[in-house]
Amino acid sequence: MNSRATWTDRVVDGAIALVLILLALSSLFPFVYILATSLSPMEQVLRGGIILWPDRFSFDAYSTILGNTNFVRSLYITAVTTVGGTFVNLALTTFMAYPLSKKTLPGRETVLLLVTITILFSGGMIPTYIVVNKLGLLDSVWSLILPGAISAFNLIILKNFFQGIPSELEEAGKIDGCRTFGLLFRIVLPLSMPALATFTLFYAVGNWNQFFNAVLYITKPELWTVQVFLRQMIFQGSTQDVMGQSGFSGGQDILPVTIQMAAIVVSTLPILVVYPFLQKHFAKGVLLGSVKG
């Protein structure tokens, strides 16, 4: 009976593993196809048949796109938004979550209620646009950072994480003469590195992939993020529109579709490089912060 159960379990585990492998490969295939197309010469793209690997490698598309001033500028704007926005996101979330983790804070329940309401309801696109306009943030990098400076969900998780830190540690710090900021920076934050690493990655990925706010609040092409730039390239219509309005003057031996694929690879690569190194912090950081209410 036990041997049958063991054999059945192995078959089930093998089937589950096979399904997961197939799902992973199906998720990976589109990016592999994009990479192969971006590295293919013009004649092979026109002939078709590119699936996983080009017959001959050509880096003309990459040299073209990396030599384009507009694309490089959009990468710079996206990098500035990601680094600066992530710093602002993490700082404001931390400075709000820490006092809310103290049950003795006056008005704590009211503030938490207001924060929770923002998860369920929002002011809407038009009121938010009016606020951003009245604050003079249109056509500035700040319009991509300040409107979403604090995530209510991340705030609540980080608040719960802070609540899980033993109060005796802070009391010992007070005895040693630490004030509020000393307790935060010397005791609480060093113990909160798994959660902070998790939310750093959450915010960084969100800022790097930011698209909708950039479309709403940015009208100057020189302030386009890389996501908006890719949208302009891919959805222009004709080949001449793509090559002209996106700022490319590629030669006749480079197809627009190859340049588009190369742009997608270049804009996706930074997150793909960083993500595996911080992925291990996801489960640990979020679970530690979700134990207590």
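Residues numbered from 1 in each chain as written. Predicted model: local features only at pLDDT ≥ 70, side-chain atom pairs only at ≥ 80, totals over all residues. Heavy atoms only, no water.

Visitor: Any details on the confidence of the model for the protein? Residues and values, ideally.
Guide: On average, residues of the protein score 82 in pLDDT, and 86% of them are at 70 or above. Highest mean pLDDT in the protein belongs to helix α4 (residues 69-100) (92); lowest belongs to helix α13 (residues 239-245) (45). Below pLDDT 50 for its whole length, residues 237-246 participates in 18 contacts with residues either more than four positions away or in separate chains. Long-range and interchain partners of residues 289-293, a stretch whose pLDDT sits below 50, account for 10 contacts in this model, where long-range means more than four residues apart. (pLDDT = per-residue confidence, 0-100. Helix = DSSP H or I, 4+ residues; strand = E, 2+ residues; numbered from the N terminus. Contact = heavy atoms within 4.5 Å.)

Visitor: Lay out the nonpolar core with the relevant residues and their values.
Guide: By size, the foremost hydrophobic cluster in this structure holds 27 residues, and its most contacted members are Tyr62, Ile65, Phe71, Leu75, Met233 and Ala263. In terms of residues, this core owes the most to one element, helix α14 (residues 256-278), which gives eight residues. Within the second largest apolar cluster, 22 residues are counted, among which are Ala97, Tyr98, Ala152 and Ala195. (Core = buried A, V, L, I, M, F, W, Y, C linked by side-chain atoms within 4.5 Å. Buried < 20%, exposed > 50% of the residue type's maximum accessible area, 1.4 Å probe, protein only.)

Visitor: Lay out the packing of aromatic side chains in plain terms, naming residues and giving numbers.
Guide: Inspection of every chain in the model, using the stated rule, returns eight aromatic pairs. When the centroid spacing of 6.3 Å and the interplanar angle of 15° are considered together, the rings of phenylalanine 181 and phenylalanine 185 count as stacked. Residue phenylalanine 181 and its partner phenylalanine 185 are located together in helix α9 (residues 180-191), separated by four residues, close to a single helical turn. Using a relative accessible area of 57% as the deciding quantity, one classes phenylalanine 181 as exposed. Taken together, the ring pairs connect Phe95, Phe181 and Phe185 into an aromatic cluster. (Phe/Tyr/Trp six-rings, centres within 6.5 Å; stacked < 30°, edge-to-face > 60°.)

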